[in-house]
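# Architecture and fold: a report
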Amino acid sequence: MKRIVFFLFIFAAFISAGQSGVGPTVKVKNGSLQGINTSGIGIFKGIPFAEPPVGELRWKEPQPVKNWEGILDATKFGPCPMQAKVYGDMFFRADTMSEDCLYLNVWTPAKTYEEKLPVLVYFYGGGYRAGDGSEPRYDGESMARNGIVSVTVNYRLGVFGFLAHPGLSAENDYKGSGNYALMDQYAALKWVQENIAAFGGDPNRVTIAGESCGSRSVCAQMASPLSKGLIAGAIGESGALMNSTLVPSSLKKAEETGLQFQKLADAGSIAELRAIPEQELLEISGKPGAPYFVPNVDNYFLPDFPLAIFENGEQADVPFLVGWNSEEMNFRFIFGMKEPTLENFKEVLEGLYGDRAEEAFELYHPESDADVEQIATDLAGDRFAGFNSWKWMELHHNTASSPLYRYFYSRPRPAMRAEMGNAQAGFAGGITRNAEVVVEKKRKTGAVHSAEIEYALGNLPTNRVYDWQPEDYKVSEIVQGFFINFIKTGNPNGFGVPYWPSTEKDMNVQMHIDVESKAEIDPSAKRYEWLNQLPDELVGIE
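The subject of this paragraph is the pattern of salt bridges. Applying the stated criterion across every chain, the model contains 17 salt bridges. When the shortest N-O distance is used, the salt bridge between arginine 58 and glutamate 99 registers 2.6 Å. In this pair, arginine 58 is assigned in the loop between strand S4 (41-48) and strand S5 (71-73) and glutamate 99 in the loop between S5 and strand S6 (103-108), connecting sequence segments 41 residues apart. Residue arginine 58 is classed as buried on the basis of its relative accessible area of 4%. A relative accessible area of 6% means that glutamate 99 is categorised as buried. Measuring nitrogen to oxygen at the nearest pair gives 2.8 Å for the salt bridge that ties glutamate 141 to arginine 145.

Considering soluble globular proteins, one finds that nonpolar side chains tend to be buried as a cluster. Judged by nonpolar contacts, the single largest core of 153 residues is most densely connected at Val121, Phe199, Met222, Phe345 and Trp392. The biggest single contributor to this core is helix H14 (residues 369-399), with twelve residues.

Further remarks concern H14. Taking 1.5 Å of rise per residue, 31 residues should cover 45 Å, and H14 covers 42 Å from first to last C-alpha, within 8% of that figure. Taken across its 31 residues, H14 has 23 buried, putting it largely inside the fold.

This next bit is on the sheet that holds strand S3 (residues 36-38). If you walk across this open sheet you meet the eleven strands as S3-S4-S6-S8-S7-S9-S10-S13-S14-S17-S18, and the pairing is mixed. Among the strands making up the open sheet, the edge pair consists of S3 and strand S18 (518-521). On average, adjacent strands in this sheet sit at an angle of 25° to one another, irrespective of strand direction. Across the sheet, helix H6 (residues 213-223) touches strand S7 (117-123), strand S9 (201-211), strand S10 (233-237) and strand S13 (320-325), and the angle it forms with S9 is around 135°.

You can see asparagine 105 is positioned in strand S6. With relative accessibility at 3%, the residue asparagine 105 sits in the buried group. Reaching out from asparagine 105, the side chain makes a polar contact with the backbone nitrogen of glycine 46 at a distance of 3.0 Å. Among the polar contacts listed, one links the side chain of asparagine 105 to the side chain of threonine 152, at a separation of 2.9 Å. Once residues lying within four places of it in the same chain are set aside, the contact partners of asparagine 105 are Phe44, Lys45, Gly46, Phe77, Gly133, Ser150, Val151 and Thr152.

In this section: the sheet that holds strand S1 (residues 25-28). Pairing between sheet strands relies on hydrogen bonds along the backbone, with the strands arranged either parallel or antiparallel. Within the open sheet, the three strands sit side by side as S1-S2-S5. Their pairing is mixed. Both edges of this open sheet fall to S1 and S5, since each of them pairs with a single strand only. Taking each pair of neighbouring strands and ignoring which way they run, the sheet shows an average axis angle of 35°. Here four bridges tie S1 to strand S2 (residues 31-34), and the two strands are oriented antiparallel to one another. By the bridge assignment, lysine 27 is partnered in S2 with serine 32.

Right, let's talk about the pairing of strand S17 (residues 509-513) for a bit. With respect to burial, S17 is a largely interior element, five of its five residues being buried. By the alternation rule, side chains of S17 split into Val509, Met511 and Ile513 and Gln510 and His512, which are all buried. As paired elements, strand S14 (residues 404-409) and S17 share three bridges and run parallel to each other. Within the sheet, the bridge partner assigned to tyrosine 407 lies in S17 and is methionine 511. The pairing of S17 with S18 spans four bridges and is classified as antiparallel. Each bridged residue has a counterpart across the sheet, and for histidine 512 the counterpart in S18 is lysine 518. Connecting the antiparallel pair S17 and S18 is a turn made up of four residues.

Attention now moves to the packing of aromatic side chains. For the structure on display, the rule yields 23 aromatic pairs. Aromatic side chains tyrosine 405 and phenylalanine 486 sit 6.4 Å apart centroid to centroid with 80° between the ring planes, which places their arrangement in the edge-to-face category. One end of the pair, tyrosine 405, is in strand S14; the other, phenylalanine 486, is in helix H16 (residues 470-489), with 81 residues separating them in the sequence. These aromatic residues form a ring-pair network of at least three members: Tyr124, Tyr128, Tyr155 and Phe162. Over the ring of tryptophan 59 we find arginine 58; its NZ or CZ atom is 5.4 Å from the centre of that ring. Here the basic side chain of lysine 346 rests over the ring of phenylalanine 361, its NZ or CZ set 5.1 Å away from the ring centre.

Cut-offs used in this document
- Residues numbered from 1 in each chain as written.
- Predicted model: local features only at pLDDT ≥ 70, side-chain atom pairs only at ≥ 80, totals over all residues.
- Heavy atoms only, no water.
- Salt bridge = Lys/Arg side-chain N within 4 Å of Asp/Glu carboxyl O.
- Helix = DSSP H or I, 4+ residues; strand = E, 2+ residues; numbered from the N terminus.
- Buried < 20%, exposed > 50% of the residue type's maximum accessible area, 1.4 Å probe, protein only.
- Core = buried A, V, L, I, M, F, W, Y, C linked by side-chain atoms within 4.5 Å.
- Expected span 1.5 Å × (residues − 1).
- Pairing = 2+ DSSP bridges.
- Axes fitted to C-alpha atoms, helices over the stretch in contact; angles between N-to-C directions.
- Contact = heavy atoms within 4.5 Å.
- Polar contact = N/O pair within 3.5 Å; in protein donor to acceptor, adjacent residues only side chain to side chain.
- Phe/Tyr/Trp six-rings, centres within 6.5 Å; stacked < 30°, edge-to-face > 60°.
- Lys NZ or Arg CZ within 6 Å of the ring centre and 35° of its normal.

Written as structure tokens, this is what we have:
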């Protein structure tokens, strides 16, 4: 009887919201929430999914959130995680920044709990140093209007999310530490399993997705024995935790990094580190010489390196959609301030590949100085995100039985709107003001890192930096259509989009996404095959 009353309560809440404009009310495991209604979409912001990781819970696995009394206001985004202004163009809708940051947001089109709609859980990128679930480019309303319950998740960053230390390892039964950010994501996935039905979502149809370090997070969740059973599909955009500069370290190395940070912080113990105020700790982590914190093989969340887990076929065997962009990184990434000439390119290759530089020149082969900038951009992009994404794809193709779909995205963003004034475009789709920089008048020649996010999630109108053209909306309709179909069925094919074959018969078949999207055989396959047989130290692993 109680179960019937509970579901009637949910049903009545959704219906009353649709009729009167009153914010919808939903009861989850820990209490009741009241959100807002936007033309039929229920939006619930700032939902706590774990206890605040403060005080003694700093550098602890996220703890289950306590029950609350009454109805919790879910109309505002929770605080964004502690972070420096790493990317000047990132824009958050959260009002504050705090170590107390473990909140998620839900957008739902459901009117009753019975609808069992597919669910998208999206992890933000930002180098594990920046980002927030309130960023407009990740907004879930457009996906919700296409029949998907959409969720964005906050997780700890930098020193708050990844500090490992012998003292912290001694506190745990598994004798490891670090990876708190990845465990935050896991805790959110557990919350989704327990609560998403109250929003009309189906816990058996949860697809996880992300771009850059959000994509690396997808890789981590697929690899972890803790979370791999909580997901039904995965989307990785431009980044993996293998064959890259952000590959996880060993636990020993991570603990050594933690000791280094303790010395920098002039702290005598873990207790003293925990006592440092959050803002001061953030500032210490930004000092010259401070370490860059990355995931590690902690013997718990990650029992082994993701590369080995995927090689052994121990990852989540789920439908997988993965790809990367045509200009993941600028040629300056490898050239520095050198001029893009043939002579300088050969010198760059010698510095990167030593006695294998001639092999590299055969594959990345400019015919003249005029070709160097583009070819060097291709190489820089491969080293930054293309190759590690390819490796992730190759391993899943070889060891999993579920369908795999590969894309190559090449639609450049348009020029910025004239009213942006003197500014330069940034990684996050926004701008960085600079009086000495003239607003871009031309469209980029390639799709830069993160360029696809607004297109794929249907959020072009939320980004007023760029002068979107009809062709951009056409691309958005296509790529979002692919994502919607995949989230709903595990297959990107459906009405209104070009046919996208899986990699079942040929690992090199990909969907080339642009104004005229089409399936093709990757013309760059030999580049990745060559990179794949190089020693680790030559492909960007530190």
